[in-house]
Amino acid sequence: MTSVSSAAAADAPCARGLFVAFEGGEGAGKSTQARLLADALRAAGHEVVLTREPGGTPAAEAMRAVVLDPQFAGLDARAEALLYAASRAEHVARLIAPALGRGAVVITDRYVDSSIAYQGVARGLGPDVVGQINLWATGSLQPDLTVLLDVEAAAGLARVVEPNRLESEPEAFHAVVVQAFRALAFGDPDRYLALPAVGERDDIAAAILARVESLLRARPTP
Ligand code: TYD
């Protein structure tokens, strides 16, 4: 069910779990909704791996510390894109692909679309080149479903307490990020669930769970 290109088939062992990514600008409530989904699926008896980017393995967390460190304020945009892609390669190889291979539901707080929106569009590197780097980094592993929690940049930034290096970018940068996510979701409604992040927390959680449950029901039995 998880889509993997033939070139990457060897890297992604027998992908048969379900891969769900949460995306969105700052302060959209992704982490809360990812945790609520994980709790609900675990209560229903599924093996769930809840993880985040950048990070998810010890080495990827070390890369996270570098890429988000405000002391590297002027970090080169290509170096930034490659650090996110490097941490993602490690994350997929060591955590995500093995978990999908044993049939788990993997829920990640951010994935490739964050690189396309932040580095490809807002930093101006180009969505296509950033997408290509990430296809290589991930062995073309794509989520079965991407949940986009959509919030206006100003409202989201107002919820950030201690801004990291990316969150310290001006509101105009984050407004571009928000638009980029919307464009991605609009272009592929089958693989995205886009929801306004301003609704009631439990209503949002219920809508996400309903969509994920329908994907789980459609999963081929092993
Ligand atoms: P984090 O504290 O995890 O923020 P959030 O809770 O909003 O996910 O910081 C991750 C930051 O890194 C966030 O500002 C988005 C940014 N980012 C990118 O620019 N590119 C990426 O590929 C990823 C995964 C994150």
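Keep in mind that this is a model prediction, so the values were computed, not measured.

Some words on the site of the ligand
At step 1: Inspection of the region around the ligand gives 16 residues, with Glu26, Tyr84, Arg110, Ser115 and Gln119 positioned closest.
At step 2: At a separation of 2.9 Å, an oxygen atom of the ligand approaches a polar side-chain atom of Lys30.
At step 3: Interatomic distance of 2.9 Å between a side-chain N/O atom of Arg88 and an oxygen atom of the ligand.
At step 4: For the ligand, the protein covers 90% of the area, taking 540 Å² as the surface of the free molecule.

Quick notes on the packing of helix H1 (residues 30-43) against helix H8 (residues 201-218)
At step 1: Their axes nearest at 10 Å, the elements H1 and H8 cross at an angle of 50°. By the angle between their axes, H1 is oblique relative to H8. As H1 packs across H8, the resulting crossing turns out to be right-handed. In contact with Thr32, Gln33, Leu36, Leu37, Ala40 and Leu41 of H1, H8 contributes Arg201, Ile204, Ala205, Ile208, Leu209, Val212 and Leu216.
At step 2: Partitioned by chemical class, the residues of the contact of H1 with H8 number ten nonpolar, two polar and one charged.

Here's the deal with the sheet that holds strand S3 (residues 105-109)
At step 1: Overall, parallel pairing links the five strands, which are arranged S2-S3-S1-S4-S5 in an open sheet. Lying at the two open borders of the sheet, with one neighbouring strand each, are strand S2 (48-52) and strand S5 (192-196). The average undirected angle you get between the axes of adjacent strands in this sheet is 15°.
At step 2: Contacts from helix H7 (residues 171-187) reach strand S1 (18-23), strand S4 (145-150) and S5 within the one sheet, and its direction differs from that of S4 by about 140°.

A word on the pattern of salt bridges
At step 1: Scanning the model with the defined rule gives 13 salt bridges in all.
At step 2: Put simply, Glu61 and Arg52 hold a salt bridge, and the shortest N to O gap is 2.6 Å.
At step 3: In this structure Glu61 comes out as partly exposed when scored by relative accessible area, which is 27%.
At step 4: When the shortest N-O distance is used, the salt bridge between Glu80 and Arg123 registers 2.9 Å. Here the residue Glu80 occupies a position in helix H3 (residues 77-101), and Arg123 occupies one in the loop between helix H4 (112-122) and helix H5 (127-138), the gap between them amounting to 43 residues.
At step 5: Accessibility expressed as a relative area gives 0% for Glu80, which makes it buried.
At step 6: A network of salt bridges, in which partner residues are shared, links Glu80, Arg123, Arg165 and Glu169.

Remarks on the packing of aromatic side chains
At step 1: The tally for this structure, following the rule as stated, stands at three aromatic pairs.
At step 2: With a centroid separation of 5.0 Å and an interplanar angle of 80°, the aromatic rings of Phe19 and Tyr111 are classed as edge-to-face. Linking Phe19 in strand S1 with Tyr111 in the loop between S3 and H4, this pair joins segments that are 92 residues apart in sequence. With respect to class, Phe19 is no different from Tyr111; both count as buried.
At step 3: Between Tyr118 and Phe173, the ring centres sit 6.2 Å apart and the planes meet at 50°, which makes this aromatic pair tilted. Placement of the pair is Tyr118 in helix H4 and Phe173 in helix H7, with a sequence separation of 55 residues.
At step 4: A residue is classified by how much of its surface remains accessible, and Phe173, at 9% relative accessible area, is buried.

Quick word on H1
At step 1: The end-to-end C-alpha distance of H1 is 20 Å, a good match for the 20 Å that 14 residues give at a rise of 1.5 Å each.
At step 2: Buried within H1 we find Lys30, Gln33, Ala34, Leu36, Leu37, Ala38 and Leu41.
At step 3: Check the buried side of H1 and you find it contacts S1, S2, S3, S4 and H8.
At step 4: Gly45 lies just past H1 and shows a positive phi near 95°.

Side note on the UniProt feature "domain: Thymidylate kinase-like" (unreviewed entry) in the chain
At step 1: Sites flagged by UniProt as "domain: Thymidylate kinase-like" (unreviewed entry) map to residues 22-200.
At step 2: Structurally, residues 22-200 comprises 53% helix and 13% strand, and the distance from its first C-alpha atom to its last is 17 Å.

Observations concerning unusual backbone geometry
At step 1: That bond from Glu53 to Pro54 is cis: its omega, -10°, falls within 30 degrees of zero.
At step 2: Summarising the element assignment, Pro54 is placed in the loop between S2 and helix H2 (58-67).
At step 3: The phi angle at Arg110 is positive, at roughly 85°, despite the residue not being glycine.
At step 4: Inspection of the secondary structure assignment puts Arg110 in the loop between S3 and H4.
At step 5: What makes Arg110 buried here is its relative accessible area of 12%.

Basis of the calculations
- Residues numbered from 1 in each chain as written.
- Predicted model: local features only at pLDDT ≥ 70, side-chain atom pairs only at ≥ 80, totals over all residues.
- Heavy atoms only, no water.
- Near = heavy atom within 4 Å.
- Polar contact = N/O pair within 3.5 Å; in protein donor to acceptor, adjacent residues only side chain to side chain.
- Areas by Shrake-Rupley, 256 points an atom, 1.4 Å probe, with all protein chains shown as cover.
- Axes fitted to C-alpha atoms, helices over the stretch in contact; angles between N-to-C directions.
- Helix = DSSP H or I, 4+ residues; strand = E, 2+ residues; numbered from the N terminus.
- Parallel < 35°, antiparallel > 145°, perpendicular 65-115°, else oblique.
- Left-handed = near helix turned anticlockwise from the far one by under 90°.
- Contact = heavy atoms within 4.5 Å.
- Nonpolar A, V, L, I, M, F, W, Y, C, P; charged D, E, K, R; others polar.
- Pairing = 2+ DSSP bridges.
- Salt bridge = Lys/Arg side-chain N within 4 Å of Asp/Glu carboxyl O.
- Buried < 20%, exposed > 50% of the residue type's maximum accessible area, 1.4 Å probe, protein only.
- Phe/Tyr/Trp six-rings, centres within 6.5 Å; stacked < 30°, edge-to-face > 60°.
- Expected span 1.5 Å × (residues − 1).
- UniProt positions renumbered as here; feature names shortened; annotations may be inferred.

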